[in-house]
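So you can see what is in the structure, the chains are spelled out below.
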Amino acid sequence: MGTNEGDCRVVVVGAGAGGTLVATHLVTALSSRFRVELVDPAPTTGCGQAYSTTDERHLLNVPASGMSAFPRDPEHFLRWLRTHYDPAFQPHEFAPRAVFGRYVESLLRSATEFPGNARLVRRHAEVVDVAGSGTGFVVQLSDGERLEARAVVLATSSRPGTGWAPPELAADPRLVADPWTQGIPEVGDVLMLGSGLTMVDLAISADRPGRTVHVVSRTDAVPQAHVLPTTPPVPPPPGVTRSEGLDALRATLTEHVAHTVATTGDWRAAIDGLRPVTAQLWRGLGEPDKRRFIAEDARSWDVHRHRMAPATARRFEAVAAAGRLQRHRGTIAGVRADEDALHVTLDDGTELSVGAVVNCTGPVGTIAADPLLARLAHTGLVRPGPAGLGIDTTDDGRIVGTLPATRPFLAVGSLRRGNLWESTAMPEIREQAYDVARAVTRSLHGESRRRPVDPYGLTLSTDRRAAKRYNAALGRLLRLQDGVEEGLTQAVEADAGFVQAHAALALLGHEWGATTHWRASLRAAHRAAAERHLDDRECSFLDAVTTRLRSDEATGASALLRHVRLFPRDALAVSVAVPTVAFGGLTSGTQTAELVESLGRSYGDDWWYAGQLAFVRQDQERWGEAEDLSSYALSVEPSSGHAVHARAHVFYETGEHAAGLAWLDEWIRTRGPEANHRSHFSWHAALHELMQDDVEAVRRRYERELSPSVVTGSRVVVDSGALLWRGRVTGAWTDGQPVAAVRAAAPDDWLSAPPTAFAAMHAAVLLAADGDGAGLAGLAARSSASDDRVFRDVVAPLCEGLASVVDERWNAASATLGRVVTTMEPLGGSRAQREVVEDTLVHALAMAGRTTEAAAVLDARLSRRSSALDARRRAAVLGAEAGSRA
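Residues numbered from 1 in each chain as written. Predicted model: local features only at pLDDT ≥ 70, side-chain atom pairs only at ≥ 80, totals over all residues. Heavy atoms only, no water.

Caption draft 1: Structural view of the overall build of the protein chain. The helix and strand inventory of the protein chain stands at 39 helices and 16 strands. Principal-axis analysis of the C-alpha atoms places the extent of the protein chain at approximately 110 × 65 × 50 Å. Counting only contacts in the protein chain whose residues sit at least 6 apart along the sequence, the fraction spanning at least 24 positions is 65%. Surface accessibility of the protein chain: about 35,400 Å² in total, with carbon and sulfur atoms responsible for 50%. With 95 positive and 108 negative side-chain charges, the protein chain shows a spacing of 3 Å between the two charge centroids. (Helix = DSSP H or I, 4+ residues; strand = E, 2+ residues; numbered from the N terminus. Contact = heavy atoms within 4.5 Å. Areas by Shrake-Rupley, 256 points an atom, 1.4 Å probe, with all protein chains shown as cover. Lys, Arg positive; Asp, Glu negative; His and termini not counted. Charge placed at Lys NZ, Arg CZ, Asp CG, Glu CD.)

Rendered as C-alpha cells:
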C-alpha cells in the first residue's frame, strides 16, 4: 500500500441494489477519514438490472412488507413508500420496481448527508482488474485510473448471455441482447426467448394492438402468481437437510408439498417455508447432484419460488387472452434475416417472422461470461463457485482464492449463487450487504480475524477460548442440561470483557430466581460494553436484558420479545421468551404458538427448534406432528430435553401410559443424570404411574426422585407439591403425605408473593395441600390487587376455590373451581399441569354429592385418553350415586 489515502479507502464494484446497500452501510459505519468508492459505468445508482425499468407496471415480486433494505427494520420500505410514494400503501401490496430503485438510491444519498460519516465517491467507470498490493489492493479502472484500497467488495451482477444465438442473429441489430439497456421496436411482432419474470415484464411493456408476442422456451413454464391473502409458510419437514442425495430430497419435498396442499390448500406455503434451509439443501448436494438439479429441476424451482405479483399476473393473462401472446415450447434452430423481418425457425419446424428477438434468458452465471471475473480467475484471486456458478466464497462472503483470508476481499449477490443457490432476492441481499459491510468495517478498525460465532451464526465479541465456553454453556441450555451458569461463569473468567456472557448470566439469574448475582452480572456487562465494540445483536440483547431486569413485567417482556423479533436466531433469548420446563416464558396459549411458528423461517429443521415446535404441536393436539418432530429432534440430539418433554406429553395425552413410562424411564436412566429440571421428567413418569393407578410406584418414585432431599428450588413446588395434591384429590394417596417437608423447601416468598401466575397456581396448590386457608386468603387478596389481569381473574378465584376445599365447603368450591377451569390457559404451563385444578373440581363435586357432574368431567377426559385411575374414580362416584339412591 503506497499511500495513507489507500489505507482509508474501500472500493465497491457494482452500483446495483447490493453494491449500493453495502456502500450505504459502510458510509454510515465509518468515520469521515474513510472514503467509499462506488464504481459502476451505469448512469444510475441503486437500480442495477432489476430496478432500472421506468415502466411502473413492472412490479416487485415480493410484497412491500418483505422488501426493507435493513434486516433489523422490516417496515422501513413500507414507511418510505408511505412518505415518498403513496400514503395509503399497504404491506401486502407490490410496489413498482422503479420505485424500489429510487428507495435504494435514497438510502445512500441520506447516508452521505451526515458530515461525520465516510465520504462517498461515485465513479462511472468499469473495473478492469483488481490486484493485491502489500496489505491492500490496487483497482484498475477503464478510464486508466488506479485506486489503492484497503478493502474491495465485488457486487457485480451477472450479464445476459447470447451464446445461444445463431451467427446470423448475433450479428443483427434486431437482436435485443440486453432488454434493460436496449429498446424494443415499436412496430412488428417480437420473439422473446426465455419465459421467466423478465419475459413477463417485457411482454406487458411490448404489448399493443396488432402485435403478437411470441414466447419461446424449452419448458414453456412461466412464473406462478402470488395469491392474496397469503398462507403463512409451513416449516420444512423434519430432517430435510439430512437428505442423502437429490433423489431422496426430491421425494421428501414432493411429499411435503402434497401434505401442505392437503392441510392448507396452497403449495406456496411449503415452498416459502423452505427459505431458511435452501442454502443448506444446496450445500448438502454433491457436485454431480448440483449439476443434475440445475439441468432437471431448476426451472421448476424458479417458477414456483420466484412468483409474479397478482396484478402482474392479471396483466399478463389479459395479453394472452386477447390473442396477442403465443407460447412455443422449443429453441431457435435457425434465423434468416432480410430487410423486412427476422425469419426464425424453431426446432419443431415452426417458422415465425418477427421484427426483433428479445433476449430474456437471464444472466449467465459463469466466470467466463464476465471479463473482470475471467481476469481475476486468471490471476488466482477468484475461482469458480460450486457447479460452476459465480465465484467461490465462504459463509460470510469472503472470496476464496490466493489472497489470505485476513485480506478484506468480499462479494455479495448473484456472485455467491454457487455457494448459496438463492442469492439474488432482497431478503438475501440485505443480510449479505449488512454482514459484508460489518466485516469490512471491522477489518479497517484493525480486526484481522473473523469474530467467533454462536451455534446459530451470531457474532460473539470475544476471543475463541471464551466463545468456546459460552457455546458449550448455550448448548447445555438448549439441551436442558445442568451446568449452564457454571459454563457462562467460565466464559467470563476467560474474558472479563465478554458482554454477551455477562448479560446472559444476568438474565438467567433473574429468570431462575438467583437474586444474589444477577445485578452484579448486569453491572459487569455494562462496564464491559463501554470498552468493547459490539455488533447490533449484542447491543440489542444487552438493552433488552437491562429493560427486562430494571422495569415492570410487561415492559421487560415487551423489550425481550422485540429483540427476538429483530434477532430470531438468538436462541438464548428465545429460550427465555417461550414457556417451557426451564422458563415461565413471556407468552401463553395462541401467542406462544404464533411466536414459535414464526421462528420456523429462521431455524428450518434445526433439532432444537424442532423440539420447541413439537411442544406447541402437542398443545394444539396435533399429536402425530408432535411425535414426528420430537422423534426427529432426538434422532439428531438424543439429549434434547425439549423434545423429550414434548414426547412425554404426547404419550400422556394419547393414553399410552405403559409405553410412555417405559420410554421415559430409559431416557431418565441414560440421559437424565445430566438433565436440568430432571424432576419434571420424573413428574411425568409419576403421572403415567398415577394414571395406571399404580399408587405404590408413585410413592417409590416420589421418595427416590421427587422428595425435597433431591429436588430444590421452584421445582419442589411445581413438581413435588403438585404431585402430592393430585394424589390426594384423586384418592390415590391420601395418607402420610410429606407436605410439610415440601413447604419447608419452597423458595422464599413463593407461597406469599409468587413471581408469575404459573408459580402462583402451584403455590396455591401447595398451600391447599398443607391445609393453609389463611395463606390462601392472603394470596387471593394479593392477586386481586395485582396489576396483572391473570392474577386478578384467574389466580384470585383459584385461591378462593381451594380455600373452600380446605374448609370443606364443597358446593362453593365446585362453583368457583368450575369457573376457573375454563379460564386457566393464560396461567401458562401445560394442560397436564393445569389438570390438577380439574382433578380438584372432580373431588369437590363428588364430596358435594354432585356425582353426575363429577362423572361428566371424567367422561370428557376419558374420551380423550385412557386412564385406569380415572376409570376407577368414575366407577366410584357413580357407585356412590347408586348407593345414595338405594
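Alright, that's what it looks like, and here's the rest.
Caption draft 2: Highlighting the pairing of strand β12 (residues 332-337). Taken together, the five bridges between β12 and strand β13 (residues 342-346) define a ladder with antiparallel strand orientation. Bridge pairing links Gly-334 to Thr-345 in β13. Hairpin geometry of β12 and β13 is characterised by an intervening segment of four residues between the two adjacent antiparallel strands. (Pairing = 2+ DSSP bridges.)

Caption draft 3: Seen up close, the nonpolar core. With 79 residues, the main nonpolar core has Tyr-470, Leu-488, Leu-507, Leu-572, Tyr-603 and Trp-608 as its most contacted residues. Not counting residues within four places of it along the chain, the set of residues in contact with Trp-608 comprises Tyr-456, Leu-478, Ala-571, Val-574, Ser-575, Tyr-603 and His-642. By size, the runner-up hydrophobic cluster in this structure holds 68 residues, among which are Tyr-702, Ala-746, Leu-751 and Val-877. (Core = buried A, V, L, I, M, F, W, Y, C linked by side-chain atoms within 4.5 Å. Buried < 20%, exposed > 50% of the residue type's maximum accessible area, 1.4 Å probe, protein only.)

Caption draft 4: View of the sheet that holds strand β16 (residues 409-411). Spatial ordering of the open sheet is given by β3-β2-β1-β7-β16, a layout of five strands whose pairing is parallel. Of all strands in the sheet, those bounded by a partner on one side alone are β3 (119-123) and β16. Along the sheet, successive strands turn relative to each other by an average axial angle of 20°, direction set aside. Pairing of strand β1 (residues 9-13) with strand β7 (residues 151-154), which is carried by four bridges, proceeds in the parallel orientation. Looking across to β7, one finds that Val-11 is bridged to Val-152. The sheet contacts of helix α2 (residues 17-29) involve β1, β2 (35-39), β3 and β7, and relative to β2 the element is tilted by about 170°. Taken strand by strand, helix α15 (residues 426-444) contacts β1, β7 and β16, and its axis lies near 170° from that of β16. (Axes fitted to C-alpha atoms, helices over the stretch in contact; angles between N-to-C directions.)

Caption draft 5: Seen up close, the sheet that holds strand β9 (residues 190-193). Reading across the sheet, the five strands line up as β8-β15-β9-β10-β11 and stay open at both edges, with parallel pairing between neighbours. Single-partner strands in this sheet number two, and they are β8 (175-176) and β11 (325-329). Bridge count for β9 against strand β10 (residues 213-217) is four bridges, and the pairing is parallel. Following the sheet pairing, Leu-193 is matched in β10 by Val-216. Contacting β9, β10, β11 and β15 (356-359), helix α6 (residues 197-206) crosses the sheet at an angle of about 170° to β9.

Caption draft 6: Inspection of the packing of helix α37 (residues 831-847) against helix α38 (residues 851-864) at higher detail. At their nearest, the axes of α37 and α38 sit 7 Å apart, and the two run at 150° to each other. With respect to each other, α37 and α38 are oriented roughly antiparallel. The chirality of how α37 crosses α38 is left-handed. Packed against α37, whose contacting residues are Arg-831, Glu-835, Glu-838, Asp-839, Val-842, Leu-845 and Ala-846, the element α38 presents Thr-851, Glu-853, Ala-854, Val-857, Leu-858, Arg-861 and Arg-864 at the interface. Counted by class, the contact of α37 with α38 contains six nonpolar, one polar and seven charged residues. (Parallel < 35°, antiparallel > 145°, perpendicular 65-115°, else oblique. Left-handed = near helix turned anticlockwise from the far one by under 90°. Nonpolar A, V, L, I, M, F, W, Y, C, P; charged D, E, K, R; others polar.)

Caption draft 7: View of the pairing of strand β4 (residues 127-133). Both β4 and strand β5 (residues 136-141) contribute to a ladder of six bridges, which runs antiparallel. Each residue of the ladder has a partner; that of Asp-129, found in β5, is Gln-140. Count of turn residues in the β4/β5 antiparallel hairpin: two residues, of which Gly-134 carries a positive phi of about 60°.

Caption draft 8: Focus on the pattern of salt bridges. What the rule picks out here adds up to 69 salt bridges. Salt-bridge contacts for Glu-511 lead to Arg-548; the nearest nitrogen and oxygen are separated by 2.9 Å. Residue Glu-511 is located in helix α18 (residues 499-511), and its partner Arg-548 is located in helix α20 (residues 536-550); the two are separated by 37 residues in the primary sequence. For Glu-511, a relative accessible area of 23% puts it in the partly exposed group. (Salt bridge = Lys/Arg side-chain N within 4 Å of Asp/Glu carboxyl O.)

Caption draft 9: A positive patch on the surface, seen in detail. The grouping of Arg-519, Arg-523, Arg-527 and Arg-550 at the surface amounts to a positive patch. Considering every element that reaches the positive patch, the biggest residue donor is helix α19 (residues 518-529), with three residues. Here Arg-550 shows up in helix α20. (Patch = residues over 30% accessible without salt bridge, like charges linked within 9 Å, V, L, I, M, F, W, Y side chains within 5 Å.)

Caption draft 10: Highlighting the environment of His-445. Counting through the fold element by element, His-445 comes out in the loop between α15 and α16 (464-479). Considering only alpha carbons, one finds His-445 and Leu-30, 415 residues apart in sequence, at a separation of 9.2 Å.

Caption draft 11: Quick peek at unusual backbone geometry. Here the amide bond leading from Leu-228 into Pro-229 is cis, since omega sits at -5°, within 30 degrees of zero. One can find Pro-229 in the loop between β10 and α7 (246-264). Here the phi dihedral of Ala-387 falls at roughly 60°; this positive angle occurs in a residue that is not glycine. Along the chain, Ala-387 falls in the loop between α13 (371-379) and β16. Overall, Ala-387 belongs to the buried group, its relative accessible area being 7%.

Caption draft 12: Geometry of helix α23 (residues 589-598). Every buried residue belonging to α23 is among Thr-592, Ala-593, Leu-595 and Val-596, and all of these are buried. Taken end-on, α23 shows its buried residues confined to a sector of 165°, consistent with a single buried face. Exposed side chains of α23 directed beyond 90 degrees from the buried face belong to Thr-590 and Glu-594. Summarising the contacts, the buried residues of α23 are in contact with α21 (553-566), α22 (571-577), α24 (600-603) and α25 (607-619). (Arc of directions from axis to C-beta.)

Caption draft 13: Region of the structure containing the environment of Trp-750. The residue Trp-750 is located in the loop between α32 (739-745) and α33 (757-769) in this model. Spatially, the C-alpha atoms of Trp-750 and Ala-760 are 7.6 Å apart, while their sequence positions differ by ten residues. Filtering out sequence-adjacent residues up to four positions away, Trp-750 remains in contact with Ser-714, Val-717, Val-718, Pro-755, Ala-759 and Ala-763.

Caption draft 14: Up close: the environment of Ser-575. Considering the arrangement of structural elements, one finds Ser-575 in helix α22. Between the C-alpha atoms of Ser-575 and Gly-600, which are 25 residues apart in sequence, the distance is 14 Å. Sequence-distant contacts of Ser-575, defined by excluding residues within four places in its chain, comprise Leu-477, Leu-478, Phe-583 and Trp-608. A polar contact is formed between the side chain of Ser-575 and the backbone oxygen of Ala-571, at a distance of 2.7 Å. (Polar contact = N/O pair within 3.5 Å; in protein donor to acceptor, adjacent residues only side chain to side chain.)

Caption draft 15: The arrangement of the packing of helix α35 (residues 789-806) against helix α36 (residues 810-820) in detail. Put simply, α35 and α36 touch, their axes get as near as 8 Å, and they point 155° apart. Relative to α36, α35 is oriented roughly antiparallel. Where α35 crosses over α36, the two elements pack in a sense that is left-handed. Between α35 and α36, the residues in contact are Pro-797, Leu-798, Gly-801, Leu-802, Ser-804 and Val-805 and Trp-810, Ala-812, Ala-813, Thr-816, Leu-817 and Val-820, respectively. A per-class count over the contact of α35 with α36 returns nine nonpolar, three polar and no charged.

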